[in-house]
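Structure assessment
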Amino acid sequence: MDKRIFPVLLILLTASLAQAQVFKCTDANGAITYTNDRSAGRGCKQLSEDLPVSSVPAPPKRTNGATPSQSTPSNFPRVAPEDQRSRDDTRRQVLEKELATEETALADAQKALSEQEAQFTLAQRKLPVAQARIQERQDKVDTHVRNIEALKKEIANLK
């Protein structure tokens with residue numbers, strides 16, 4: 001017997017074992033489930049084998065046209081407008097302090113980067129040791145720049 005025939009026969013035999021009947025079952029509440037066990041509930045009908053079956057769950061139902069993340073429970077505590085304004089003002093003050101601190105840190109990081117670059121001639125800057133030291137300072141500058149941009153964006157989003 002040819003050695004190539006055995007794997008083909010094995011695949012053909014196992015493929016027939018993988019076949020299963022799929023049933024669409026509807027319970028008393030009208031909920032639909034798909035299963036390969038007919039005894040799972042009443043109202044089960046075998047699906048045609050040529051229909052595709054998906055195991056992806058359906059998206060959650062919308063209530064009143066709103067998505068679940070937008071709906072707020074009726075018993076959710078409400079904040080008085082003046083209290084919210086006070087909280088927003090406090091948040092703005094905190095963010096502005098953080099922004100000032102980041103701007104100071106950026107200036108210090110830029111100064112450290114300039115000082116590091118001044119220690120090396122143009123030829124020395126090509127050496128791996130110099131590049132690593134300069135890159136370390138540049139990374140700190142970049143981090144402070146990103147932090148400042150994020151803080152400004154957050155402040156702009158406040159009411």
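Residues numbered from 1 in each chain as written. Predicted model: local features only at pLDDT ≥ 70, side-chain atom pairs only at ≥ 80, totals over all residues. Heavy atoms only, no water.

1. Let's talk about the state of the cysteines
One pass over the full model with this rule turns up one disulfide. The disulfide partner of C25 is C44, and the S-S distance across this bridge is 2.0 Å. Here the S-S torsion is close to 110 degrees, and the disulfide linking C25 with C44 is therefore right-handed. Here C25 is found in strand β1 (residues 23-26), whereas its partner C44 is found in strand β3 (residues 44-46), with 19 residues between them in sequence. As far as burial versus exposure is concerned, C25 and C44 are alike and both buried. (Disulfide = S-S within 2.5 Å. Helix = DSSP H or I, 4+ residues; strand = E, 2+ residues; numbered from the N terminus. Buried < 20%, exposed > 50% of the residue type's maximum accessible area, 1.4 Å probe, protein only.)

2. A closer look at the pairing of strand β2 (residues 32-35)
With four bridges connecting them, β1 and β2 associate as antiparallel partners. If you follow F23 over to β2, its bridge partner there is T35. Here β1 folds back onto β2, and the loop between the two strands holds five residues, one of which, G30, carries a positive phi near 90 degrees. (Pairing = 2+ DSSP bridges.)

3. Quick look at the side chain of E102
For E102, the location among the structural elements is in helix α2 (residues 81-118). Buried charge without a salt bridge: E102, with R146 as the nearest opposite-charge side chain at an N-O distance of 9.7 Å. Once residues within four sequence positions are removed from consideration, E102 is found in contact with H144, N147, I148 and L151. (Lys, Arg positive; Asp, Glu negative; His and termini not counted. Salt bridge = Lys/Arg side-chain N within 4 Å of Asp/Glu carboxyl O. Contact = heavy atoms within 4.5 Å.)

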